[in-house]
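# Structure assessment
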Amino acid sequence: MKLAPLGKSGLQVSRIGLGLAALGRPGYINLGHADDLKHDYNPAAMEAHCHAVLDAAWDAGIRYFDAARSYGNAEAFLASWLKSRQIDPIAVTIGSKWGYTYTADWHVVANRHEVKEHSLPVLKKQFAESSALLGKHFNLYQIHSATIESGVLESREIAEELALLRATGLKIGLTLSGPGQTETLARAMEAGLFDCVQVTWNLLEISTWSALRKAHDAGMGVIVKETLANGRLTSRNDELKFLAKRKALDGIASRLRCSLDALAIAAVLDQPWADVVLSGAAGIEHLHSNVAATDVRLDNAARKQLAQLAETPE
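Residues numbered from 1 in each chain as written. Predicted model: local features only at pLDDT ≥ 70, side-chain atom pairs only at ≥ 80, totals over all residues. Heavy atoms only, no water.

### Here's the deal with the nonpolar core
One finds Leu18, Phe65, Leu162, Leu174 and Phe194 to be the most contacted residues of the largest nonpolar core, which totals 94 residues. It is helix H9 (residues 260-269) that contributes the most residues to this core, nine residues altogether. With near-sequence residues (within four places) excluded, Leu174 lies in contact with Gln142, Ile143, Ala146, Leu153, Ala188, Phe194, Cys196, Val197, Gln198 and Met220. If you look at the next biggest cluster of nonpolar residues, it comprises nine residues, including Tyr64, Ile223, Val276 and Leu278. (Core = buried A, V, L, I, M, F, W, Y, C linked by side-chain atoms within 4.5 Å. Buried < 20%, exposed > 50% of the residue type's maximum accessible area, 1.4 Å probe, protein only. Helix = DSSP H or I, 4+ residues; strand = E, 2+ residues; numbered from the N terminus. Contact = heavy atoms within 4.5 Å.)

The following block contains the structure:
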């Protein structure tokens, strides 16, 4: 898998990256997550499973890995893998995030799995934690789920602290969520602080297309998350209300001789502004199926059909 620039950040990334949200904690929102982990939530077993998936990702050419403080032990699992495999910091790009605190205490069912707080004390605390684990491999630090409502982009003290971190050579980004991604991205671009943006974009949620093209043209790197809509764009989704869209997707995938998930990821790779597209796979089989997207070539007929699947951001 060839490496490409992450905008004008100076970082190099593989076209497909691996997000560790589903590998770092027992409970996650992906369809079939429990089966992916074989219902074995012992921390040592989960670490070994995470390492196996990371090995498969490395062998497939993946060189961008994405974690967060709220992903349970994801950073710790990633750090132990980097150390045990003696991965050269120059050979890999690692991103993490601050703003959410994991609160499920290693339970699958919890009243709250994470708590969001975009305050200066949380930023300082979580940066110290991430830095201690990831060390010299740590390249990119992102605000986790920035929104207009959170007020994080209006905070002078947060901007000043992030600017100090950026002055040390660390790249600064933000991730977006919710129906107001376009508005938040526009505000972030005005700030002039961010090297890249991580956005939810998939065949069902395409509202940010023009904003991402503008950001990319301005030099921001673009990382795309939730490309499979947490499993909705895979063969695991058997919802009756999704039946018509599933039939259309299956038809295109069959014609192009690829899996449904590879088709959905290929549709994101096909966008001119997408630098790195995240796989959220929690198992080796699904990782390989996701990576096969790099071999899928969409034609105009497929693009036209896929464009009809979009829903409203809400």
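### A few points about the environment of Thr147
On the secondary structure map, Thr147 appears in the loop between strand S8 (138-146) and helix H5 (156-167). Judged by relative accessible area, which is 13%, Thr147 ranks as buried. A sequence separation of 28 residues divides Thr147 from Thr175, and the C-alpha atoms of the two residues are 8.9 Å apart. In this structure, Thr147 is in contact with Lys116, Ser177 and Thr184, ignoring residues within four places of it in sequence.

### Considerations on the pattern of salt bridges
Within the structure shown, the criterion is met by 16 salt bridges. One salt bridge connects Asp195 with Arg166, and the closest N-O pair in it is separated by 2.9 Å. Here the residue Asp195 occupies a position in the loop between helix H6 (181-191) and strand S10 (196-200), and Arg166 occupies one in helix H5, the gap between them amounting to 29 residues. By relative accessible area, Arg166 is classed as partly exposed at 31%. Between Glu311 and Arg232 there is a salt bridge whose closest N-O contact spans 3.2 Å. A residue pair is termed long-range when its members are at least 10 positions apart, and Glu311 in the segment after helix H11 (300-306) and Arg232 in the loop between strand S11 (221-225) and helix H8 (243-256) qualify at 79 residues. On the basis of relative accessibility, which here comes to 32%, the residue Glu311 falls in the partly exposed class. Residues joined by salt bridges that share partners form a network here, namely Arg69, Glu75, Lys125 and Glu129. (Salt bridge = Lys/Arg side-chain N within 4 Å of Asp/Glu carboxyl O.)

### Here's the deal with the packing of aromatic side chains
Scanning the model with the defined rule gives seven aromatic pairs in all. Following the ring pairs from residue to residue traces out a cluster consisting of Trp58, Phe65 and Trp81. The positively charged end of Arg63 is found above the aromatic ring belonging to Trp58, 3.5 Å away from the centroid. (Phe/Tyr/Trp six-rings, centres within 6.5 Å; stacked < 30°, edge-to-face > 60°. Lys NZ or Arg CZ within 6 Å of the ring centre and 35° of its normal.)

### Side note on helix H2 (residues 43-59)
Given a rise of 1.5 Å per residue, 17 residues ought to cover 24 Å, and the 24 Å separating the end C-alpha atoms of H2 matches this to within 8%. When H2 is considered as a whole, its buried residues turn out to be Met46, Cys50, His51, Val53, Leu54, Ala56 and Ala57. Residues of H2 that are buried sit in contact with strand S3 (16-19), strand S4 (64-66), helix H3 (74-84) and helix H10 (284-291). Near the N-terminus of H2, the side chain that reaches the backbone nitrogen of Ala44, with its oxygen 2.9 Å away, is that of Asn42. Once H2 ends, the next one or two residues include Gly61, with phi positive near 100°. (Expected span 1.5 Å × (residues − 1). Polar contact = N/O pair within 3.5 Å; in protein donor to acceptor, adjacent residues only side chain to side chain.)

### Some remarks on the sheet that holds S10
Read around the barrel, eight strands follow the order S3-S4-S5-S8-S9-S10-S11-S12 and close on themselves; strand pairing throughout is parallel. When the angles between neighbouring strand axes are averaged without regard to direction, this sheet yields 25°. Here five bridges tie strand S5 (residues 93-98) to S8, and the two strands are oriented parallel to one another. Residue pairing in the sheet places Gly95 in a bridge with Leu140 of S8. (Pairing = 2+ DSSP bridges. Axes fitted to C-alpha atoms, helices over the stretch in contact; angles between N-to-C directions.)

### Here we look at the environment of Leu164
Within the secondary structure, Leu164 sits in helix H5. Separated by 33 residues in the primary sequence, Leu164 and Ser131 place their C-alpha atoms 15 Å from one another.

### Notes on unusual backbone geometry
Excluding glycine, residues mostly have negative phi values, and the peptide bonds linking residues are mostly trans. In this structure, Lys38 is a non-glycine residue whose phi angle is positive, near 55°. Take Lys38: it is sitting in the loop between helix H1 (33-36) and H2. We classify Lys38 as exposed; its relative accessible area is 66%. Backbone geometry at Arg257 places phi at a positive 60°, although glycine is not the residue there. Of the residues examined, Arg257 reaches a relative accessible area of 79% and is grouped as exposed.

### Brief notes about the pairing of S11
Two faces belong to every sheet, and in a regular strand the side chains alternate between them. Of all five residues making up S11, five are buried, and the element is well covered by its neighbours. Here S11 shows no split at all, with Gly221, Ile223 and Lys225 on one side and Val222 and Val224 on the other all buried. The β-α-β motif built from S10, the intervening helix H7 (residues 209-217) and the parallel element S11 has right-handed crossover chirality. (Right-handed = clockwise from strand over helix to strand, strands pointing away.)

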